[in-house]
Protein chains: 2
Amino acid sequence: MIKDDFELLTDTPFLALDLEVMERNLRTMAALAKQAGVKLRPHTKTHKSPYIARKQLEYGASGITVAKLGEAEVMADHGIDDILIAFPLVGRNKLKRFDALLDRARLTVGLDDIAVARGINEVGEARKQRIPVYADVDTGLHRMGRDPLASVQSILDIAKLPYLEIRGLMSHTGHAYARPTEEEIRAVAIEDAELMNETRLQLDRLGLHVPEISVGASATARFIGEIPHATEMRPGMYAFNDRFVMAAGGAEERDCAVTVYATVVARPTPERIIIDAGSKTFAADAFKHGGHGHVIGHPNLTLKALSEEHGTIEVAGSSDLQIGDVLRIIPNHICPAINLADELYGFRNGELETIVPVLGRGKNR
Amino acid sequence: MIKDDFELLTDTPFLALDLEVMERNLRTMAALAKQAGVKLRPHTKTHKSPYIARKQLEYGASGITVAKLGEAEVMADHGIDDILIAFPLVGRNKLKRFDALLDRARLTVGLDDIAVARGINEVGEARKQRIPVYADVDTGLHRMGRDPLASVQSILDIAKLPYLEIRGLMSHTGHAYARPTEEEIRAVAIEDAELMNETRLQLDRLGLHVPEISVGASATARFIGEIPHATEMRPGMYAFNDRFVMAAGGAEERDCAVTVYATVVARPTPERIIIDAGSKTFAADAFKHGGHGHVIGHPNLTLKALSEEHGTIEVAGSSDLQIGDVLRIIPNHICPAINLADELYGFRNGELETIVPVLGRGKNR
């Protein structure tokens, strides 16, 4: 499975990236967006890698999304120019860094409050430059943003700030992952865009035209052709996929581009296998159906528990796996697993082609 | 709370280390071990920092424990010499690295299987050097090791390998964290050592003398004076403590040395506060009583949910917290939170004294 020379080069656990699967995922989503007539602005928090962001742009993305200012700095360092920072920038030091970054990239910022908007407006005023803003609208996730009705007044207030430009409305359909059926996930996707459009129509009536409706989540991305009003989509996980996306019907095992390679290091009982990858490799994100990963090729194995460095696999029936055997496992949630890795080993046709550094790892500021 | 100059130096989220609290924790545990007449070999996976490991040695630790070979390499790079690698080393590359590390540090390795032992024995044979080994015994955690009786034959087999020396028996009482009362946690601690001693007595009768009984976990560490047979203890979290250790009665809020500083970035509704720290800062380890952290000074706030970059706080009653306010939060589990950080900001008397790099971060191989 792993070539001999590669085994000498490194050892487990590590994250292997199947470049062909990833490129297929990127192309498929780009085609889907094109067909639906919406812009694709992938969320790069999944991979945190300028190398992959550039591929996304090359395949047709109109720009990228990042989770934090620190990720934007890394992407700008590598020549990526059109960046949505989908997080409110608060604090003097953040605004100072934002100001510096505006010298070298086109930035849009997400926010949901006049208190945050005032800081951004001050940066714009000092630069004599209008800063494009996406306003968060809460369409059901109950994280950022007010409900679609309450958002109207809040956005009108923000729009009065002279150095801001309300470029779009933005939501995230993360709540779709909890829905049990394809029909319900589709319904979340459509409701999300309908709700944002109601906000937009009201704003329009009150004299504020907002050009973009930007929708998120890989779980709902496949329905983009049926989603009304959306002008842009921001899926992230689709680049790699994972157990969450699989459970939401957005991918199959063959679409998962990143797998954890882990070695069996103990077999204390016939029912128990211990591997050398735990929550420091997979991250500890809980899965609604239980377990911590999908063990490829071994339907009778469940990755039952994670310590930091140990994974405990439960064997149903029997298994002849021995100490030294290597397993490939799809994580529950690929984004935090990537954030734990310094690099991804990029394979093509089973040969190591490139090592992709996760340059945005840990940039939580 | 944070000094003005410090605010310019950095921004949230970050991990603040109260050096006085940490030093008190280190001294208290060293005194406890001394009083009980056992060696202290702290598990450094909690802090992953040679700076702190050196302090532990300075205050009386006899050596250190690490979780992975990569952590041992980092510690040896910084002059630390007596290291227990509490993880089975499997694979050619691991053994090659282990061999290289033996040139510059005294190493002991943990394992529970003859298949792993054979690899270590080969390294010893090539070096003409006996390698000290701790054998894992399963005293209730059901992770590494066989049960105390089955361990006897397994350890006898391993002991036949000529270049190994069975130096000790080792367990981890991580299962104590799930016990609801102090009495039950004490009972776990005592049963653990009794079980290992049974294994030792049987081995003794069969002609194999094993000098060390090494017990683990900060949850049970405070009972060391009452734990029979133990010759060594390997607590880790006691250096910093966290919500897990607090819930197990092993620490109070004032004993928690590391807190996450996070900023309020959105207040979408009166009941909801969004902070700029999520699972990329706290890690996603679930807590038996729910929630993701203890918000210091705000008993009516619950850190209810984590996305990667957002923390969602639920307000009971009302809160006048505003965007820009900074909160201090104790994570559920400090070890994986440290593993997400590149550095800790070390304060003394509220002044930034030093930045402690987390040099062992991400060393999962």
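As recorded in an unreviewed UniProt entry, chain A goes by Alanine racemase and comes from Paenibacillus hodogayensis. Under the UniProt heading Sequence similarities (unreviewed entry), the entry covering chain A gives this text: "Belongs to the DSD1 family."

### Comments concerning helix H4 (residues 69-77) of chain B
The buried fraction of H4(B) amounts to seven of the nine residues, a majority that puts the element mostly inside the structure. Among the residues making up H4(B), those that are buried are Leu69(B), Gly70(B), Glu71(B), Ala72(B), Val74(B), Met75(B) and Ala76(B). Elements that come into contact with the buried residues of H4(B) comprise helix H11 (279-282) of chain A together with helix H3 (50-58), strand S3 (64-66), strand S4 (82-85) and helix H5 (92-102) of chain B. Backbone geometry just after H4(B) places Gly79(B) at a positive phi near 85 degrees.

### Overview of the UniProt feature "domain: D-serine dehydratase-like" (unreviewed entry) in chain A
In this numbering, the UniProt entry assigns the feature "domain: D-serine dehydratase-like" (unreviewed entry) to residues 257-348 of chain A. The straight-line gap between the two end C-alpha atoms of residues 257-348 of chain A is 11 Å; of that span, 11% is helix and 46% is strand.

### Side note on the domain arrangement of chain A
Residues and elements named next belong to chain A. The domain architecture assigned to chain A consists of domain 1 (4-15 + 252-357) and domain 2 (19-240). Placing a centre on the C-alpha atoms of domain 1 and another on those of domain 2 gives a separation of 32 Å. Of the residues lining the interface, 20 residues belong to domain 1; the matching set on domain 2 comes to 20 residues. Summed over both partners, the interface of domain 1 with domain 2 buries about 1600 Å², with 56% contributed by carbon and sulfur atoms. Remark: the boundary between domain 1 and domain 2 carries two salt bridges. Its salt-bridge partner being Asp255, residue Arg24 comes within 3.3 Å of it at the nearest N-O pair. For the pair domain 1 and domain 2, the interface holds eight residue pairs in polar contact (both at pLDDT 80 or more). Among the secondary structure elements, those contributing two or more residues to the side of domain 1 that touches domain 2 are helix H12 (334-339), strand S16 (343-348) and strand S17 (351-357).

Criteria and thresholds
Residues numbered from 1 in each chain as written. Chains lettered and ligands numbered in written order. Predicted model: local features only at pLDDT ≥ 70, side-chain atom pairs only at ≥ 80, totals over all residues. Heavy atoms only, no water. UniProt positions renumbered as here; feature names shortened; annotations may be inferred. Buried < 20%, exposed > 50% of the residue type's maximum accessible area, 1.4 Å probe, protein only. Helix = DSSP H or I, 4+ residues; strand = E, 2+ residues; numbered from the N terminus. Contact = heavy atoms within 4.5 Å. Domains from an automatic or database assignment. Buried area = accessible area lost by both parts, 1.4 Å probe. Salt bridge = Lys/Arg side-chain N within 4 Å of Asp/Glu carboxyl O. Polar contact = N/O pair within 3.5 Å; in protein donor to acceptor, adjacent residues only side chain to side chain.

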